Amino acid sequence: MMATTHGFVGLALTTVVAAFAPELAVPAAAGGIAGGIFPDLDVAAEHRRTLHFPGYYTIGALPAVGFATVAPGPVTVGVATFLLAAAVHSVSDIIGGTPSAVPWESEREHAVYFHASGRWLRAKRWVRYDGAPEDFFLGAAFALPSLVLFEGTIRRLVLVGLGVSLVYSLFRRPIGRIAARWE
Ligand SMILES: [Zn+2]
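Computed from a prediction, not measured in an experiment: that's the story for all the values here.

A. Summary view of unusual backbone geometry. Phi is positive for R48, close to 70°, though the residue is something other than glycine. Note on placement: R48 falls in the loop between α3 (25–37) and α4 (54–70). According to the relative accessible area criterion, R48 is buried, its value standing at 5%. Positive phi, normally seen in glycine, also occurs at R125, with a value near 60°.

In structure tokens form, the structure reads like this:
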């Protein structure tokens with residue numbers, strides 16, 4: 001899925017904080033957005049492996065969420081939402097396609113690397129590729145609760161993210177074909 005979709009999912013996770021502890025909404029949102037996007041920075045390295053940790057982020061997120069619950073503060077909540085969003089991102093890449101400039105043509109089956117067992121997890125392709133129409137609509141659905149609950153900078157970020165998602169989705173195939181020539 002698109003990094004923006006993951007960002008919207010990460011932010012949606014933090015609407016719970018915004019609803020019950022509004023004074024911590026901003027650090028929670030910042031952690032959720034950053035954690036949702038962070039793993040995809042490995043697109044410059046070995047994509048879906050270098051910064052994707054489906055297991056380790058999850059193992060880190062569980063105690064971090066517990067700690068933030070008993071000792072809520074900007075740092076504990078921000079760290080917890082960052083790790084949780086990065087874990088959900090890494091695990092949810094399984095439902096997408098395979099990392100490639102032209103994933104709709106790729107015969108490869110792998111989705112995301114599972115470091116603990118040293119192997120790639122299989123792509124289920126429920127979302128066929130990043131920037132597919134279903135990817136855009138999935139992201140928009142996750143963005144909705146944040147548009148309602150957040151205001152100011154966070155809401156503006158969501159709107160900009162939706163615009164980026166839309167443009168990327170509309171041009172995903174030509175972008176992919178150009179990128180494939182450089183691979
Ligand atoms: Zn990813």
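B. Up close: the pairing of strand β2 (residues 119–122). Pairing of strand β1 (residues 110–114) with β2, which is carried by four bridges, proceeds in the antiparallel orientation. Looking at the pairing, F114 lines up with R119 of β2. Hairpin connection between β1 and β2: a loop of four residues separates the two successive antiparallel strands, and G118 in this loop has a positive phi of roughly 60°.

C. Structural context of the packing of helix α6 (residues 133–149) against helix α7 (residues 152–182). The contact between α6 and α7 brings their axes to 10 Å, and the two run at 170°. The orientation of α6 relative to α7 falls into the category roughly antiparallel. Facing F136, A140, A143, S146, L147 and V148 of α6, the residues of α7 in contact are R155, V158, L159, L162, S165, L166 and S169.

D. Molecular detail of the coordination of the zinc ion. Distances from the zinc ion to its protein donors, D40 (OD), H52 (NE2), H89 (NE2) and D93 (OD), fall at 2.1 to 2.4 Å. Seen from the zinc ion, its four donor atoms lie at angles of 88 to 166°, and the figure they make is irregular. Taken in sequence order, the residues that donate to the zinc ion follow the motif D-x11-H-x36-H-x3-D.

Basis of the calculations
- Residues numbered from 1 in each chain as written.
- Predicted model: local features only at pLDDT ≥ 70, side-chain atom pairs only at ≥ 80, totals over all residues.
- Heavy atoms only, no water.
- Helix = DSSP H or I, 4+ residues; strand = E, 2+ residues; numbered from the N terminus.
- Buried < 20%, exposed > 50% of the residue type's maximum accessible area, 1.4 Å probe, protein only.
- Pairing = 2+ DSSP bridges.
- Axes fitted to C-alpha atoms, helices over the stretch in contact; angles between N-to-C directions.
- Parallel < 35°, antiparallel > 145°, perpendicular 65-115°, else oblique.
- Contact = heavy atoms within 4.5 Å.
- Donors = N, O, S within 2.8 Å, 3.2 Å for Na, K, Ca; no water.
- Tetrahedral: all angles 85-135°; square planar, octahedral: opposite > 155°, others 65-115°.

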